[in-house]
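In case you want the letters, here they are:
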Amino acid sequence: MLIAYRSVPMVRLFRFLKPYLGYVSITVALLLIQAVSELSLPSIMADIVDRGVRGGVDGVIFLSGAKMAAMTVIGVIASVGVGFAASRTSAGFTRDLRQSLFERVQSFSLAEFDSLSTASLLTRTTNDVTHLQHIVSMFLRMLLFAPVMGFGSLVMAIRTSYSMSWILALAVFLVSLMVVVMVVVAMPRFKLIQGLVDRLNLIGREHLDGIMVIRAYGAESFEMNRFDEANSELTAVNLFVNRMMSALHPSLTLVMNGCSLLIVWIGSKHVAASSLEVGQMMAYLQYAMHVIMSFLMISMMFIMIPRAAVSAKRISEVLAVDPSITDPEKPEALEASAGSVEFRGVSFKYEGAEDDALCDVSFSMSPGETVALVGPTGAGKSTLANLIPRFYDASGGSVLVGGKDVRALSLAELRSRIGFCHQKAALFSGSIADNIRYGNQNADEAGIEAAASTAQALDFISELEGGFESRVAEGGSNLSGGQRQRIAIARALARNPDLYVFDDSFSALDGRTDARLRAALKKRTKSASVLVVSQKIETVKHADRIIVLDDGRIAGSGTHEELLLLCPLYKQLAESQNAAEVRS
Ligand code: ADP
């Protein structure tokens, strides 16, 4: 099962900007207006000083002052508009990107989840996307503004005083030096940060998921140290990067102030020699600052690009994963009742594993039949169950449902015919009824109640204050393991499928409830086929047929009595569990 990664360059993510091209054009137009307005201010000011104040020409101060005010107002309006349009674009861009990521992850098969960790997927969908949002917003504001401002200011400065150009060249050289140091020293660390955030998330998640185990084993300090280590490492890298950034500001101020000083010093000599007006010197000063700031902005963008590229690559990696399990081009249709299952010489190997988890497994079951799958842990029972709804695809042989190869059916149709119940009953926040209805959105109250009744959940639900409307906490944490399993079973029953797969989903039930549940199930699932996966002989012994799985191979098949006689492994399992029962 090969996961195909296409190398998607960062530019390809720009396709998400397409719906916002209108806003992007508005941003560009407003930025140009803002740049022109800002570029015009120093020369108007020079005019006021040279002709109005020093020359004493009538009305210049008032007229040019009004022009300056108008230009400023235009500039401010344009800049507010830029902020609005850029935010709209970047927020929309990230919303669409997040949505696409979610959809893509939703289409992943278990093999893809095995290769991309959940923690990393979460960081990619949140942290990396937010990072890109900032970058898009910043780029929109600066990408055009900085070069226009920089070039415009340079031309204006040279036009004002050609002889002082060397001061500008010196300032630009010093700023470049600072940027180069920054790139060489800080850049590798930028790349580290995202990976470290991933690790911190992973540890945080494991900690929250396993909090009870951690407490039970008194492993708080071990976990604390593990978190502390990852946290400290991230903090150290962040601090380093922030220190570099903080050092940049004073250094820049130093260069700018030094440059101003030089301009005033050299400029005043020119003024004394009457080759420059005072106002022109002041304008030159402002243009010089614009040149330095624009140059810095452009350099910062170049620094940001590799950082953005890291996030973009991590996002692209998720978007570029071709789900290995997809609908066929022309799906075949299933019959109205499609409960039969057949495994024909099925083998399966997990990606990266050395041995097959299943090897040449063949069996079939028909509607109305209850088949149980039993075997020691790691025998391949869950793996086998997961092949039926195509959570994974068989590496060899074929799995048939309703007489059709599962790979020839649409995933939605195939899965709509199956009531799959996992051992770890995942519940969602909402009411108990919502959770049962998850199996069948059209189920009415009576249907939900009947499903709960068969699942032996009615007793405990009616004891709850809110009954079916009682709230289920996130992950079902306010219910016991057995209660969660029974709700999950009710959820599968509410669907009224052709085929049930109970993957060790009776494991948390006590013997009496287990027996009552099996009896009720038998009545309700008369026309459906039922596959019960379990390690407990007690759970499987009444099945129509029992298949014993050992190390990925079928070690025996028959009824309880037949297997006791013919299958040594089954006999051994039965005896060890009997002995355990007698002991307890
Ligand atoms: P059972 O349900 O009988 O306890 P499983 O089907 O869960 O056994 O596992 C069968 C074998 O496959 C085991 O050796 C297990 O380590 C391996 N296995 C299970 N899940 C994965 C996985 N996601 N990736 C790699 N190996 C796995």
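What counts, and at which threshold
- Residues numbered from 1 in each chain as written.
- Predicted model: local features only at pLDDT ≥ 70, side-chain atom pairs only at ≥ 80, totals over all residues.
- Heavy atoms only, no water.
- Helix = DSSP H or I, 4+ residues; strand = E, 2+ residues; numbered from the N terminus.
- Rg over C-alpha atoms; globule rule 2.2 N^0.38 Å.
- Buried < 20%, exposed > 50% of the residue type's maximum accessible area, 1.4 Å probe, protein only.
- Contact = heavy atoms within 4.5 Å.
- Areas by Shrake-Rupley, 256 points an atom, 1.4 Å probe, with all protein chains shown as cover.
- Lys, Arg positive; Asp, Glu negative; His and termini not counted.
- Charge placed at Lys NZ, Arg CZ, Asp CG, Glu CD.
- Pairing = 2+ DSSP bridges.
- Polar contact = N/O pair within 3.5 Å; in protein donor to acceptor, adjacent residues only side chain to side chain.
- Near = heavy atom within 4 Å.
- Nonpolar A, V, L, I, M, F, W, Y, C, P; charged D, E, K, R; others polar.
- Core = buried A, V, L, I, M, F, W, Y, C linked by side-chain atoms within 4.5 Å.
- Axes fitted to C-alpha atoms, helices over the stretch in contact; angles between N-to-C directions.
- Parallel < 35°, antiparallel > 145°, perpendicular 65-115°, else oblique.
- Left-handed = near helix turned anticlockwise from the far one by under 90°.
- Salt bridge = Lys/Arg side-chain N within 4 Å of Asp/Glu carboxyl O.

Peer 1: How do you make sense of the overall build of the chain when you look at a structure like this?
Peer 2: Helix and strand counts for the chain stand at 19 helices and 12 strands. Here the C-alpha radius of gyration of the chain, 35 Å, is well above what a compact globule of 584 residues would show, namely 25 Å. If you line up the chain on its principal axes, its C-alpha atoms span 115 × 50 × 45 Å. Each of the 584 residues in the chain was classed as buried or not, and the buried ones make up 47%. The long-range share in the chain, meaning contacts at least 24 apart out of those at least 6 apart in sequence, stands at 78%. Carbon and sulfur atoms make up 60% of the accessible area of the chain, which amounts to about 29200 Å² in all. Positive and negative side-chain charges in the chain, numbering 54 and 56 respectively, have mean positions lying 6 Å apart.

Peer 1: Sorry, what's going on with the sheet that holds strand 4 (residues 396-401) here?
Peer 2: The strands that make up a sheet pair up through hydrogen bonds in the backbone, lying either parallel or antiparallel. Read across the open sheet, the 4 strands follow the order 2-1-4-5; overall the sheet is antiparallel. The outermost strands of the open sheet, each flanked by one partner alone, are strand 2 (358-365) and strand 5 (404-405). Across 5 bridges, strand 1 (residues 341-348) lies against strand 2 in antiparallel orientation. Within strand 2, the position partnered with V341 by the bridge is M365.

Peer 1: Quick question: what am I supposed to make of the side chain of D498 here?
Peer 2: Within the element layout of this structure, D498 appears in the loop between helix 15 (481-494) and strand 9 (499-503). With a relative accessible area of 14%, D498 lands in the buried category. One polar contact links D498 to R417, side chain to side chain, over a distance of 2.9 Å.

Peer 1: Honestly, the site of the ligand in this entry has me stumped. Any pointers?
Peer 2: If you check the shell around the ligand, you find D114, Y350, A357, P376, T377, G378, A379, G380, K381, S382, T383 and Y392 and nothing else. A distance of 3.0 Å is found between an oxygen atom of the ligand and a backbone nitrogen or oxygen belonging to G380. A distance of 2.4 Å separates an oxygen atom of the ligand from a polar atom in the side chain of T383. Taking 560 Å² as the accessible area of the ligand by itself, protein coverage stands at 59%. By residue class, the composition of the shell around the ligand is 5 nonpolar, 5 polar and 2 charged.

Peer 1: Mind showing me how you'd approach the environment of G481 here?
Peer 2: Mapped onto the fold, G481 is located in helix 15. Considered as a pair, G481 and S507 are 26 residues apart in the sequence and their alpha carbons are 9.1 Å apart.

Peer 1: Explain the nonpolar core here, please?
Peer 2: Most often, soluble globular proteins have nonpolar side chains that are buried together. If you look at the biggest cluster of nonpolar residues, it comprises 51 residues, and the most contacted ones within it are C259, I263 and I292. Those elements that provide at least two residues to this core are helix 1 (21-54), helix 2 (60-106), helix 5 (145-160), helix 6 (165-209), helix 8 (220-272) and helix 9 (278-320). Considering each element in turn, this core owes the most residues, 15 residues, to helix 6. Each residue touching I292, except ones within four places of it in the same chain, is listed here: A171, V175, L252, M256 and C259. One finds Y392, V399, L414 and L531 within the second-largest nonpolar core, a separate group that totals 35 residues.

Peer 1: Just to check I follow, could you spell out the sheet that holds strand 12 (residues 553-558) for this structure?
Peer 2: Ordered by their spatial adjacency, 6 strands build an open sheet running 6-9-10-3-11-12, and the pairing between neighbours is mixed. Of all the strands in the sheet, the pair left with one neighbour each is strand 6 (418-421) and strand 12. Pairwise comparison of adjacent strand axes, ignoring direction, gives a mean angle of 15° for this sheet. Judged from the 4 bridges that link them, strand 6 and strand 9 form a sheet pairing that is parallel. Residue pairing for strand 9: C421 is matched across the bridge by F502. Contacting strand 6 and strand 9, helix 15 runs over the sheet at an angle of about 175° to strand 6.

Peer 1: For this particular structure, what's the right way to read the packing of helix 1 against helix 2?
Peer 2: The relative placement of two packed helices comes down to the angle between their axes together with the axis-to-axis distance. Put simply, helix 1 and helix 2 touch, their axes get as near as 8 Å, and they point 160° apart. Between helix 1 and helix 2, the interaxial angle falls into the category roughly antiparallel. Considering the relative orientation of helix 1 and helix 2, their crossing is left-handed. Residues that form the contact of helix 1 with helix 2 fall into these classes: 21 nonpolar, 12 polar and 4 charged.

Peer 1: Sorry, what's going on with the pattern of salt bridges here?
Peer 2: A side chain of one charge can pair with a side chain of the opposite charge when the charged atoms of the two come close. As enumerated under the stated definition, the model contains 20 salt bridges in all. Salt bridges sharing partners connect three or more residues here, namely R124, K313 and E317.

Peer 1: How should the packing of helix 13 (residues 445-454) against helix 16 (residues 511-524) be read in this particular structure?
Peer 2: At a minimum axis distance of 8 Å, the contact between helix 13 and helix 16 shows a crossing angle of 135°. The orientation of helix 13 relative to helix 16 falls into the category oblique. Contact residues: helix 13 offers A450, A451 and T454, while helix 16 offers L517, A520, L521 and R524. A per-class count over the contact of helix 13 with helix 16 returns 5 nonpolar, 1 polar and 1 charged.

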